[in-house]
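Chain by chain, the residues:
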Amino acid sequence: MLIVQKFGGSSVADAARIKRVAGILAETRRAGHRVVAVLSAQGDTTDELIEKARELCPEPGGRELDALLCVGEQISVALMALTLESMGLAAVSLTGWQIGLSTDDRHGAARIRCIDTARLNRELEAGKIVLVCGFQGIDDAGDLTTLGRGGSDTSAVAIAAALHADRCQIYTDVEGVYTADPRRVPEARKLEAVGYDEMMELASLGSQVLHNRSVELARRCGVELEVCSSFVRAPGTLVTEPMERTALSGVAKDADIARVTVRGVPDRPGAVLELFQLLSRADVNVDLILQSGSPDGTGDLSFTLRSADAAKVQAILEEHRAALGLRSFALDPDAAKVSLVGAGLMDAPGMAVQMFRALAEAGINIRMIASSEIKLSVVVPRAEADKAVRAVHQRFFANES
Ligand code: ADP
Ligand code: ASP
Ligand code: MG
């Protein structure tokens, strides 16, 4: 079999952990499989590199930040190759550009275009354990790019798809995908399997266990993912297309959002367009949007965005409030979104009531609500987000554990 195994930052954080991962790779190889390992930067290396850049430049980004961040993954693969060689195993470390992982030129959020599998296949043919830097690629101009935070999962899936691998295993620091973050909700239960759709929602709504783009790519390319622990040998979670969908999959939290409320949006065509056009030109990603009419004919509008964009949006609104004809606006920089995900939400309207009751009984104020086929999200004060997750989890998953 050809197996792609991805190891996240905590799995390769120090020498002891690198040795442990080397042991897993050796075992896979000795079992007769060909193996490509995709590695992340060690521990908090990527954060530390960003911090280093910030000491010298207030807003690092673009080509040079990518050039810096790519270093983190290179350290991991080189150290792993040296470890495996010292164990008497043939290994080779390869960067994103050495495997021809070509991307567009959106630095910090690059999209994968294709992978030239020639080098990978050559090294596999030679019987080597192939160690590849996750998270990085190269654009048409020959410049280094990165895929966005957490992007090594997506590198692994892309490589598995390009090589038509038999398996793609995502090794991390928990035993699989749980009904909630097991570090914050101790009673969370490990899922044996989860559907691509539900996993994509969970990942997009804040469950960082998988990069959301990796799940989308896996579904599109028919790559089945297995999420498991690099510390505990136990069956993990299969991310796949289930025969029948389970009612509820989990609760996710995104504590990285801000909420804006605008009062007195003029009652005329184009008023909302002008506001959101300004935000879009400034590259602000708006998530939930709620609009309601006021008795005086004007409207109120609330929307959420990434916390990192809050200051930018505040400045835009201050500058353009009068020209846009808005009465006032308020920014809540400390919001969070808590979401219940599951195919069962589609045909069970009572679920919303149960979720609101759980939150009310926990004394949590709901600021916004949004729902779609398989998710129900509420915006709550960030300080209460964990409490909200536990309350919702308790309501819907308590009997199962
Ligand atoms: P890696 O470094 O291996 O990529 P991440 O830190 O990106 O690991 O993802 C693993 C973390 O995801 C876990 O430590 C856990 O705290 C968090 N997490 C959030 N939600 C979930 C969930 N539903 N199931 C499992 N882990 C989750
Ligand atoms: N090292 C990168 C990050 O910290 C990519 C990854 O870990 O997946 O975001
Ligand atoms: Mg990750």
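The coordinates are above.
The structure reproduced in this document is the subject of the present report. This one's a predicted model, so the numbers in the text were calculated from it and none came from an experiment.

**With respect to the site of ligand 1**
In the vicinity of ligand 1 lie 18 residues, with Thr172, Asp173, Asp181, Arg183 and Gln208 positioned nearest. Thr172 places a polar side-chain atom, nitrogen or oxygen, 2.6 Å from an oxygen atom of ligand 1. Within the side chain of Gln208, an N or O atom sits 2.7 Å from an oxygen atom of ligand 1. Burial of ligand 1 by the protein chains amounts to 87% of its free accessible area of 580 Å². Grouping the amino acids of the shell around ligand 1 by side-chain chemistry returns seven nonpolar, seven polar and four charged.

**Some thoughts on the packing of helix H6 (residues 196–204) against helix H7 (residues 212–221)**
Running from N to C, H6 and H7 cross one another at 165 degrees; their axes reach a closest spacing of 8 Å. As judged from the angle between their axes, H6 and H7 are roughly antiparallel. Handedness of the crossing formed by H6 with H7: left-handed. Each of Tyr196, Asp197, Met199, Met200, Ala203 and Ser204 in H6 lies in contact with H7, whose residues at this interface are Asn212, Val215, Glu216, Ala218 and Arg219. When its residues are assigned to classes, the contact of H6 with H7 shows six nonpolar, two polar and three charged.

**Quick look at the sheet that holds strand E17 (residues 368–372)**
The sheet built from six strands is open, its strands ordered E14-E15-E13-E16-E18-E17 with antiparallel pairing. Each edge of the open sheet is held by one strand with a lone partner, namely strand E14 (286–293) and E17. Put simply, the sheet's adjacent strands are angled 25 degrees from each other on average, direction ignored. Its contacts with the sheet place helix H8 (residues 271–281) against strand E13 (250–265), E14 and strand E15 (299–306), and it is angled at close to 20 degrees to E15. Strand contacts of helix H10 (residues 350–361): strand E16 (328–341), E17 and strand E18 (375–381), with the helix running at about 20 degrees to E18, the strand carrying the most contacts.

**Quick notes on the site of ligand 2**
Near ligand 2 you find Ser40, Ala41, Thr46, Glu73, Phe135, Arg149, Gly150, Gly151 and Ser152, and these make up its full shell. One nitrogen or oxygen atom from the side chain of Thr46 is found 2.8 Å from a nitrogen atom belonging to ligand 2. For ligand 2, whose accessible area on its own is 260 Å², the fraction buried by protein is 87%. Classifying every residue of the shell around ligand 2 by side-chain character gives two nonpolar, five polar and two charged.

**Some points on the sheet that holds strand E1 (residues 2–7)**
Hydrogen bonds along the backbone pair up the strands of a sheet, which may run parallel or antiparallel. As summarised here, the arrangement of the eight strands in space is E3-E6-E2-E1-E9-E11-E12-E10, forming an open sheet in which the pairing is mixed. Sheet topology places strand E3 (91–94) and strand E10 (193–195) at the edges, where each strand pairs with a single neighbour. The average undirected angle you get between the axes of adjacent strands in this sheet is 20 degrees. In the sheet, E10 pairs with strand E12 (residues 237–240) via three bridges, with the strands oriented parallel. Pairing of Val194 across the sheet is with Val239, part of E12.

**Looking at the packing of H10 against helix H11 (residues 385–397)**
Orientation of H10 relative to H11, taken along the N-to-C sense of each, is 130 degrees, at an axis distance of 9 Å. By the criterion of interaxial angle, the relationship of H10 to H11 is oblique. In this structure, the crossing between H10 and H11 has a hand that is right-handed. Of H11, the residues touching H10 (which contributes Met351, Gln354, Met355, Arg357, Ala358, Leu359 and Glu361) are Ala388, Ala391, Val392, Arg395 and Phe396.

**Digging into the packing of aromatic side chains**
Two aromatic rings are characterised by how far apart their centres lie and by the angle between their planes. Within the structure shown, the criterion is met by two aromatic pairs. Summarising the aromatic geometry, the rings of Phe7 and Tyr171 are spaced 4.7 Å apart at their centres and angled 15 degrees between planes, so their arrangement reads as stacked. A residue pair is termed long-range when its members are at least 10 positions apart, and Phe7 in strand E1 and Tyr171 in strand E9 (residues 167–172) qualify at 164 residues. An identical accessibility class is assigned to Phe7 and Tyr171; each is buried. Between Phe276 and Phe303, the ring centres sit 5.2 Å apart and the planes meet at 65 degrees, which makes this aromatic pair edge-to-face. Of this pair, Phe276 sits in helix H8 while Phe303 sits in strand E15, placing them 27 residues apart in sequence. Exposure class is identical for Phe276 and Phe303. Each is buried.

Scoring rules and cut-offs
- Residues numbered from 1 in each chain as written.
- Chains lettered and ligands numbered in written order.
- Predicted model: local features only at pLDDT ≥ 70, side-chain atom pairs only at ≥ 80, totals over all residues.
- Heavy atoms only, no water.
- Near = heavy atom within 4 Å.
- Polar contact = N/O pair within 3.5 Å; in protein donor to acceptor, adjacent residues only side chain to side chain.
- Areas by Shrake-Rupley, 256 points an atom, 1.4 Å probe, with all protein chains shown as cover.
- Nonpolar A, V, L, I, M, F, W, Y, C, P; charged D, E, K, R; others polar.
- Axes fitted to C-alpha atoms, helices over the stretch in contact; angles between N-to-C directions.
- Helix = DSSP H or I, 4+ residues; strand = E, 2+ residues; numbered from the N terminus.
- Parallel < 35°, antiparallel > 145°, perpendicular 65-115°, else oblique.
- Left-handed = near helix turned anticlockwise from the far one by under 90°.
- Contact = heavy atoms within 4.5 Å.
- Pairing = 2+ DSSP bridges.
- Phe/Tyr/Trp six-rings, centres within 6.5 Å; stacked < 30°, edge-to-face > 60°.
- Buried < 20%, exposed > 50% of the residue type's maximum accessible area, 1.4 Å probe, protein only.

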